[in-house]
Amino acid sequence: MSNVESIAKKTPASNRIATLSIDGKNVSFPVYDATEGQSVIDITKLYGETGLFTYDPGFLSTASCESKITFIDGDAGILRYRGYDIDALAEKSDYLEVAYLLLNGELPNAAENKNFKRTITLHTMIHEQLHFLFRGFPRASHPMAVMAGAAASLSAFYHDSLDINIPEQRELAAYRLIAKMPTLAAMAYKYSIGQPFIYPQNDLGFSENFLHMMFSTPCEKYAVNPVLARAMDKILILHADHEQNASTSTVRMAGSSGANPFACIGAGIASLWGPAHGGANEAVINMLREIGDVSQIPEFIKKVKDKQSGVKLMGFGHRVYKNYDPRATVLRKTCQEVLAELGKIDEPLLKIAIELEKIALSDEYFVERKLYPNVDFYSGIIYRAMGIPSKMFTVLFAVARTSGWIAQWKEMMEDPKNKIGRPRQLFTGSAPRQFVTLDKRK
Ligand code: SDX
């Protein structure tokens, strides 16, 4: 029996109850305990019993669902996929194995691993008709605009034949999305630089294939640097899932209406694009370039502390992590490995980033607000060293997060308590009033 069913049926794990006293009436709510992390108060009957809604803009104190996929302890700086620590997965696993883990809840055995990777490989090509979709975009389009459109357009190719109520069809949709996102991403890049699309090669691994599609041309053989392929694979693992962040919640909300999963991923890409979310990696590089030199850091920090400036230290801070983002720790090490491999260890932006981090982590303003480097602080420096333009950074985030998005979508679809998401509001608009015809308006 899944944990969800067990929660639906079981009495509150700890027999704790929360009692709300309002207008002289006491209402009690069951408390459910987590495997790890925060317990929750089940308030599903609040409106029925009190006629009141809860109010929690930004959902700082709200669990939107029950999930068994990813656990984050923001205070301790812990991130686990299905119980496995992120640094162990980054060091010892590979992206497709992690995608299998997120989807199925267990690491694959040798046969499952081999079969899953072969299945994904056989879905990496996209329908030839989709090439024409790219032709409709201006060459200078932001690749996230292209990706949001291209991913959602897959729903035009896989809709009539897709019944998301059939587990095997949900699984096939998940495989297609994980397999095709790198192909679409590389096509978005090639289209932006006027080079021909490069087809996936079935004899290459997932990240090697992606870098080959990004940087190969029909004019000569291109061998992917294995150190860069491994670094890319590690980066994809680190970005694969992250609990109920904005873009994952978007995919869940879109999927809760029964929408086509390819269209739901398009919605997730749109949400990830925002600079407060996945768009921060591009904003970090722009920030480091704007600082320009280590000597300018104190001036920049002064601007960040001046609320009027509206300037934020991009790549710092997190809604959940009030400690070092464990992904940033791995990325910082990977960054130094990649730059050393490419002979760019003196990369000025890395010097600025390391000095900026050092100054910020000792500055009271950031310490008291518990602002630490997050996943976006170092990733852009790695991508830039690999020759990937900054406009592509969030696209890579979307490629990685597709396995997390679709695993969360699948979990929602299989949740017996799943229903369409429909939040309410605190209405503070006009009181009822009579319509005034145009001739009578002042
Ligand atoms: C991702 O949710 C996820 O899991 C996301 C993600 C994932 O994997 O899916 O981890 C990926 O989105 C990482 C975050 C990338 N974004 C950035 O690096 C952009 C810069 N960061 C901020 O915009 C901010 O930190 C957020 C949006 C990430 C978090 O914002 P919160 O939790 O809403 O916190 P807040 O805005 O309420 O900030 C608390 C205080 C405020 O100051 P005071 O009003 O208390 O004086 O900290 C300040 C903020 O002004 N603050 C910052 C800051 N982040 C917060 N000040 C300067 N620079 C910053 N980066």
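See the structure shown above.
Note that the structure is predicted; figures quoted are calculated from it, not measured.

Caption draft 1: Spatial organisation of the site of the ligand. Taken together, the neighbourhood of the ligand is formed by 23 residues, with His 242, Lys 307, His 318, Arg 327 and Arg 401 sitting nearest. One of the side-chain N or O atoms of His 277 is found 3.0 Å from an oxygen atom in the ligand. Side-chain polar atom of Lys 312 to an oxygen atom of the ligand: 3.5 Å apart, as the coordinates give it. Against a free-state accessible area of 1000 Å², the protein chains account for coverage of 75% of the ligand. For the shell around the ligand, the per-class residue count stands at nine nonpolar, seven polar and seven charged.

Caption draft 2: A look at the sheet that holds strand S5 (residues 78-81). Spatial strand order, S4-S5-S6: three strands in an open sheet with antiparallel pairing. The two strands at the open ends of the sheet, each matched to only one other strand, are strand S4 (70-73) and strand S6 (84-85). Judged from the two bridges that link them, S5 and S6 form a sheet pairing that is antiparallel. Counterpart to Arg 80 in the pairing with S6 is Asp 85.

Caption draft 3: Spatial organisation of helix H11 (residues 246-255). Of the residues making up H11, those classed as buried are Ser 247, Thr 248, Val 251, Arg 252 and Gly 255. All buried residues of H11 fall inside an arc of 140 degrees around its axis, so they share one side. On its buried face, H11 sits against helix H12 (261-272) and helix H19 (393-413).

Caption draft 4: Quick peek at the side chain of Glu 282. Mapped onto the elements of the fold, Glu 282 is located in helix H13 (residues 280-291). For the buried Glu 282, which has no salt bridge, the nearest side chain bearing the opposite charge is Lys 391, at an N-O separation of 4.1 Å. In this view, Glu 282 contacts His 142, Ser 390, Lys 391, Phe 393 and Thr 394; residues no more than four positions away in its chain are not counted.

Caption draft 5: Region of the structure containing the packing of helix H5 (residues 110-121) against helix H8 (residues 167-192). Taken N-terminus to C-terminus, the directions of H5 and H8 make an angle of 65 degrees; their axes are 8 Å apart at the nearest point. The angle between the axes of H5 and H8 places the two elements in the roughly perpendicular class. Regarding H5 and H8, the two cross each other, and that crossing is right-handed. Along the contact surface, H5 presents Phe 116, Thr 119 and Ile 120, while H8 presents Tyr 175, Ile 178 and Ala 179. Of the residues contributing to the contact of H5 with H8, the split by class is five nonpolar, one polar and no charged.

Caption draft 6: Region of the structure containing the nonpolar core. Formed by 120 residues in total, the largest nonpolar core has its most connected members in Tyr 81, Ile 269 and Met 287. The greatest single-element share of this core, amounting to 14 residues, is contributed by H8. Not counting residues within four places of it along the chain, the set of residues in contact with Tyr 81 comprises Ile 69, Thr 70, Ile 86, Leu 89, Val 98, Leu 101, Leu 102, Ile 237, Leu 238, His 239, Ala 240 and Asp 241.

Caption draft 7: Just the environment of Val 146, in detail. Here Val 146 shows up in helix H7 (residues 143-157). For the pair formed by Val 146 and Phe 134, sequence separation is twelve residues and the distance between their alpha carbons is 7.4 Å. Apart from residues no more than four positions distant in its own chain, Val 146 is found in contact with Phe 134, Phe 137, Ser 141 and Ala 188.

Caption draft 8: Highlighting the packing of H12 against H19. Running from N to C, H12 and H19 point in directions that differ by 135 degrees, and their axes come no closer than 10 Å. By the angle between their axes, H12 is oblique relative to H19. Considering how the two elements wind past one another, H12 and H19 form a crossing that is right-handed. Of the residues in H19, those in contact with Pro 261, Ile 265, Gly 268, Ile 269 and Leu 272 of H12 are Thr 394, Phe 397, Ala 398, Trp 405, Ile 406 and Trp 409. When its residues are assigned to classes, the contact of H12 with H19 shows nine nonpolar, two polar and no charged.

Caption draft 9: Representation of the pairing of S4 within the structure. Pairing of S4 with S5, which is carried by four bridges, proceeds in the antiparallel orientation. Bridge assignment links Thr 70 to a residue of S5, and that residue is Tyr 81. The hairpin turn running from S4 into S5, its antiparallel successor, is four residues long, and Gly 77 in that turn takes a positive phi close to 70 degrees.

Conventions used here
Residues numbered from 1 in each chain as written. Predicted model: local features only at pLDDT ≥ 70, side-chain atom pairs only at ≥ 80, totals over all residues. Heavy atoms only, no water. Near = heavy atom within 4 Å. Polar contact = N/O pair within 3.5 Å; in protein donor to acceptor, adjacent residues only side chain to side chain. Areas by Shrake-Rupley, 256 points an atom, 1.4 Å probe, with all protein chains shown as cover. Nonpolar A, V, L, I, M, F, W, Y, C, P; charged D, E, K, R; others polar. Pairing = 2+ DSSP bridges. Helix = DSSP H or I, 4+ residues; strand = E, 2+ residues; numbered from the N terminus. Buried < 20%, exposed > 50% of the residue type's maximum accessible area, 1.4 Å probe, protein only. Arc of directions from axis to C-beta. Contact = heavy atoms within 4.5 Å. Lys, Arg positive; Asp, Glu negative; His and termini not counted. Salt bridge = Lys/Arg side-chain N within 4 Å of Asp/Glu carboxyl O. Axes fitted to C-alpha atoms, helices over the stretch in contact; angles between N-to-C directions. Parallel < 35°, antiparallel > 145°, perpendicular 65-115°, else oblique. Left-handed = near helix turned anticlockwise from the far one by under 90°. Core = buried A, V, L, I, M, F, W, Y, C linked by side-chain atoms within 4.5 Å.

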